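Below are the chains, spelled out letter by letter.
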Amino acid sequence: MAVEKSYSKGQAWFCTTGLPSDVIIEVDDMVFHLHKFPLMSKSRKLQELIEEQEKRLAVHCRRRSGEIREENDEDEKCYINLPHFPGGSVPFEAATKFCYGQKIEISASNAAALRCAAEYLEMTEELLHDNLISIMERFISQSVLRNIKSALITYASCQKLLPMAENLGIVMRCVEAIATKAAATDPSLFGWPLNDRAGASRNERGKLVKSKRGCVTDSGSWIDELGRLNLQFFKRLIFAMKALNLSGDVIEICLIYYAKKYIPGISRSGRKTTASSGTAPSEHEQRAFLETIISNLPKEKNLRSTGNLTRFMFGLLRTAYILNASESSRLTVEKKIGSQLEQATLDDLLIPSYSYLNETLYDVACVERILTHFIHDRENRCAAGVGEDDGENRSAALMMVGKLMDSYLSEIASDANLKPEKFFDLAAALPYDARIFDDGLYRAVDVYLKAHPWISETEREKICSVLDYQKLTLEACTHAAQNERLPLRAVVQVLFFEQLQLRHAIAGTIASATPSTDVVEETGKNAVGELALVQHTENVRRVRERDNQVLRVDMDTMRSRVHELERECTTMKKAIAKTGPCQHLERNGWISRLGCKIRPQVCNSHDRTVVEARKRRAHRNNHECHPFKS
């Protein structure tokens, strides 16, 4: 049947062929005015329904007179209602156009719906060669399942086609295709989900990126389609990826994007994140999303971990506290953060206390648990017997964490509610080799002692015991020696090690002034001697730099002392001029009022005048004892 045009009018759809419609089919709220022949020639379902309706009309018409039949000619039309048509009126309209021979648009978004509509209408090969079922099966196999983005779009459209899409195997085939295609994806092409760009435009994220081989791939566009999935479909896809032993990096990227899409406030980018439906999910739904994300995080450490990934993990942890997630979920995130703590920043560690039971401003106990996980992870890696390169990376990571914890301690030290025991436990948690210098830790201790002047002397000594005074630089030693807040025992130790360092520096300078010719000759013979000479030269340079610092400090001290003596001398001259030469000078007179201290003069026993006075006094004593001796 040739179709001139089809159009809809309000909630009605008409197909103009020059003949009046004889079938009315209602699907949802849409009424379709159609013709029997094109529908019955391609759909067994409609053929059976129309034939059944015609039988009822025939029986109904025989019971009526001819006059009534002429007046109610509309009653001769077939009325069919399809209340549970898969996909609603839109796929039925496309199937109807196919029956009339019109061209229909097939894409990944409507492929599953048209396949389900064709199955519901039983548009099989028995009625027509190359019917709608075979066309849609061919399109899904050759177009949809060969592209990961198309497979994701079709997979998302199946959410409204259950259970028929599940029974037809469309859901399973899409899941397998997505997981297989994702396994062949290079994770380095997906940097944008880790860069707080979940709220950016699709055009910006979907730009074509060149891979290592030079080919152009639509790198990030298929990740956008994850936002179409509900929680049930998303979990099913993640489970399929894990079943194929997919790279943890790809799974992590999918989880990050989905979390930023459906959990508002998980990042500090300042953008409001909303769900694809336009309404924010409820607190219960957000908790379900969050716990699903956390439970599926890869347990192994991400080799591509960056500061952005660690920042996202801290965002997950904060959200877990806000949404009151399960304790196991919070513990999982803390362990994940502990495995990559070296990538964190001070701003990440400043987690507010969300419980009224915590007296401190920041959650110190949480950071202490994270630090414990970091230390345990490091110990486990050391026990596993890794290579030398990994050992160097671990040492660098440990020193980065040491520096980070010093900054964190300095930040929280001013909290008046921070107990000395908690500060001590956190400061002493890291091993000895975590810090090259203890200047940062000394600064934190000084801030804490200044903010807590009421603690006892015993607690002061315990807090200062975390310091290794041999690791303090010269500037820190100078400050500590004059720090009145430190206990006396700590000041004595600082002075002792400072003098010890100066003695070693002087000894090293003297030794470096006499170079050894034997060492020079030996360095020309083998590479070991040459390396020793380089190290020796470097040590000499460091010792000289330290000596210069010592001399500079001594010169500054001497200069300030000379200025002080000059001021005292000027003050004394002015006082003498005011009092006059004949005025009696009392012991506690003007000298004590000026605040000057006159040191007693030390007499030299070998001076000439002292010796002569001693002889005269001895001669006089002898004469008194023997008056008659001449």
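All of the points below concern the structure found in this document. (Residues numbered from 1 in each chain as written. Predicted model: local features only at pLDDT ≥ 70, side-chain atom pairs only at ≥ 80, totals over all residues. Heavy atoms only, no water.)

Here's the deal with the overall build of the protein chain
Inference 1: Looking only at helices and strands, the protein chain features 28 helices and seven strands.
Inference 2: When contacts within the protein chain are restricted to residue pairs at least 6 apart in sequence, long-range pairs at least 24 apart make up 67% of them.
Inference 3: Carbon and sulfur atoms make up 53% of the accessible area of the protein chain, which totals about 36900 Å². (Helix = DSSP H or I, 4+ residues; strand = E, 2+ residues; numbered from the N terminus. Contact = heavy atoms within 4.5 Å. Areas by Shrake-Rupley, 256 points an atom, 1.4 Å probe, with all protein chains shown as cover.)

Comments concerning the packing of aromatic side chains
Inference 1: In the structure shown here, the tally under the stated rule is 10 aromatic pairs.
Inference 2: Each ring, one from Tyr258 and one from Tyr262, has its centre 4.7 Å from the other, and the planes form 45 degrees; the classification is tilted. Highlighted residues: Tyr258 and Tyr262, both in helix α13 (residues 248-262), separated by four residues, approximately one helical turn.
Inference 3: Residue classification places Tyr258 among the buried positions, given a relative accessible area of 1%.
Inference 4: With a centroid separation of 4.6 Å and 20 degrees between ring planes, the pair formed by Phe423 and Tyr448 is classed as stacked. (Phe/Tyr/Trp six-rings, centres within 6.5 Å; stacked < 30°, edge-to-face > 60°. Buried < 20%, exposed > 50% of the residue type's maximum accessible area, 1.4 Å probe, protein only.)

Quick notes on the nonpolar core
Inference 1: The biggest cluster of nonpolar side chains holds 144 residues, and the ones touching the most others in it are Ile25, Met241, Leu316 and Leu341.
Inference 2: No other element matches the 10 residues that α13 contributes to this core. (Core = buried A, V, L, I, M, F, W, Y, C linked by side-chain atoms within 4.5 Å.)

Looking at the packing of α13 against helix α14 (residues 283-295)
Inference 1: At their nearest, the axes of α13 and α14 sit 10 Å apart, and the two run at 170 degrees to each other. Here α14 runs roughly antiparallel to α13, going by the angle between their axes. Counting all contacts with α13, which are made through Leu255, Tyr258, Ala259 and Tyr262, the residues of α14 involved are Gln286, Phe289 and Ile293.
Inference 2: In the contact of α13 with α14, the residues fall into six nonpolar, one polar and no charged. (Axes fitted to C-alpha atoms, helices over the stretch in contact; angles between N-to-C directions. Parallel < 35°, antiparallel > 145°, perpendicular 65-115°, else oblique. Nonpolar A, V, L, I, M, F, W, Y, C, P; charged D, E, K, R; others polar.)

A few points about helix α12 (residues 231-243)
Counting along an α-helix, one turn takes 3.6 residues, and residues three or four places apart therefore face a common direction.
Inference 1: Taking 1.5 Å of rise per residue, 13 residues should cover 18 Å, and α12 covers 18 Å from first to last C-alpha, within 8% of that figure.
Inference 2: Buried residues of α12: Leu231, Phe233, Phe234, Leu237, Ile238, Ala240 and Met241, and no others.
Inference 3: Looking at the packing, one finds that the buried side of α12 touches α7 (148-157), α9 (170-183), α13 and α14.
Inference 4: Count one or two residues on from α12 and you reach Asn245, which has phi positive near 55 degrees. (Expected span 1.5 Å × (residues − 1).)

Some thoughts on the environment of Ile238
Inference 1: In this fold, Ile238 is placed in helix α12.
Inference 2: In this structure Ile238 comes out as buried when scored by relative accessible area, which is 1%.
Inference 3: Ile238 sits 59 residues away from Ala179 along the chain, and the two C-alpha atoms are 8.4 Å apart.
Inference 4: Each residue touching Ile238, except ones within four places of it in the same chain, is listed here: Ile251, Cys254, Leu255 and Asn296.

What about the packing of α12 against α13?
Inference 1: Between α12 and α13, whose axes approach to 11 Å, the crossing angle comes to 170 degrees. Here α12 lies roughly antiparallel to α13, going by the angle between them. Judged by the twist between their axes, the crossing of α12 over α13 is left-handed. Between α12 and α13, the contacting residues are Leu231, Phe234, Ile238, Met241 and Lys242 on the first element and Ile251, Cys254, Leu255 and Tyr258 on the second. (Left-handed = near helix turned anticlockwise from the far one by under 90°.)

Quick word on a nonpolar patch on the surface
Inference 1: A surface patch of nonpolar side chains, about 300 Å² in accessible area, is lined by Met399, Ile436 and Phe437.
Inference 2: In this structure, Phe437 sits in the loop between α20 (420-427) and α21 (439-451). (Patch = residues over 30% accessible without salt bridge, like charges linked within 9 Å, V, L, I, M, F, W, Y side chains within 5 Å. Salt bridge = Lys/Arg side-chain N within 4 Å of Asp/Glu carboxyl O.)

A few points about unusual backbone geometry
Generally, phi is negative for residues other than glycine and the peptide bonds are trans, each holding for most cases.
Inference 1: The peptide bond linking Leu162 to Pro163 adopts the cis configuration, its omega dihedral lying at 5 degrees.
Inference 2: With respect to the helices, strands and loops of the structure, Pro163 is situated in the loop between α7 and α8 (164-167).
Inference 3: A positive phi angle, close to 55 degrees, is found at Asp28, a residue other than glycine.
Inference 4: Owing to a relative accessible area of 39%, Asp28 belongs among the partly exposed residues under this scheme.
Inference 5: Even without a glycine there, the phi angle at Asn245 is positive, about 55 degrees.
Inference 6: Exposure remark for Asn245: the relative accessible area of 70% places this residue in the exposed category.

Comments concerning the pairing of strand β4 (residues 30-34)
Inference 1: Among the five residues that make up β4, four are buried, leaving the element largely enclosed by the rest of the structure.
Inference 2: For strand β3 (residues 23-27) and β4, the ladder comprises five bridges, and the chain directions are antiparallel. Bridged to Ile24 within β4 is His33.
Inference 3: Connecting β3 to the next strand, β4, in antiparallel fashion are two residues, including Asp28 with a positive phi near 55 degrees. (Pairing = 2+ DSSP bridges.)

Re the environment of Ile24
Inference 1: In this fold, Ile24 is placed in strand β3.
Inference 2: Along the chain, Ile24 and Tyr79 lie 55 residues apart, while their C-alpha atoms are 4.9 Å from each other.
Inference 3: Ignoring sequence-local partners within four residues, the contact set of Ile24 consists of Val31, Phe32, His33, Lys77, Cys78, Tyr79 and Ile80.

Here we look at α13
Inference 1: Spanning 15 residues, α13 covers 21 Å between terminal C-alpha atoms, matching the ideal 21 Å at 1.5 Å per step.
Inference 2: Across the 15 residues that make up α13, a large majority, 14, are buried.

Let's talk about the pattern of salt bridges
Inference 1: This structure, assessed with the given rule, holds 16 salt bridges.
Inference 2: Between Arg369 and Glu334 there is a salt bridge, with the nearest N and O atoms lying 3.0 Å from each other. Note that Arg369 is positioned in helix α18 (residues 364-383) and Glu334 in helix α16 (residues 327-338), a separation of 35 residues in sequence.
Inference 3: Residue classification places Glu334 among the buried positions, given a relative accessible area of 2%.
Inference 4: A salt bridge links Arg485 to Asp446, with the shortest nitrogen-to-oxygen separation between them at 3.0 Å. A residue pair is termed long-range when its members are at least 10 positions apart, and Arg485 in the loop between α23 (474-481) and α24 (488-512) and Asp446 in helix α21 qualify at 39 residues.
Inference 5: With a relative accessible area of 12%, Asp446 lands in the buried category.

Structural notes on the pairing of strand β5 (residues 78-81)
Inference 1: Residues of β5 alternate between two faces, with Cys78 and Ile80 buried on one and Tyr79 and Asn81 left unburied on the opposite face.
Inference 2: Examined bridge by bridge, β3 and β5 share four bridges and lie parallel to one another. Each residue of the ladder has a partner; that of Val23, found in β5, is Cys78.

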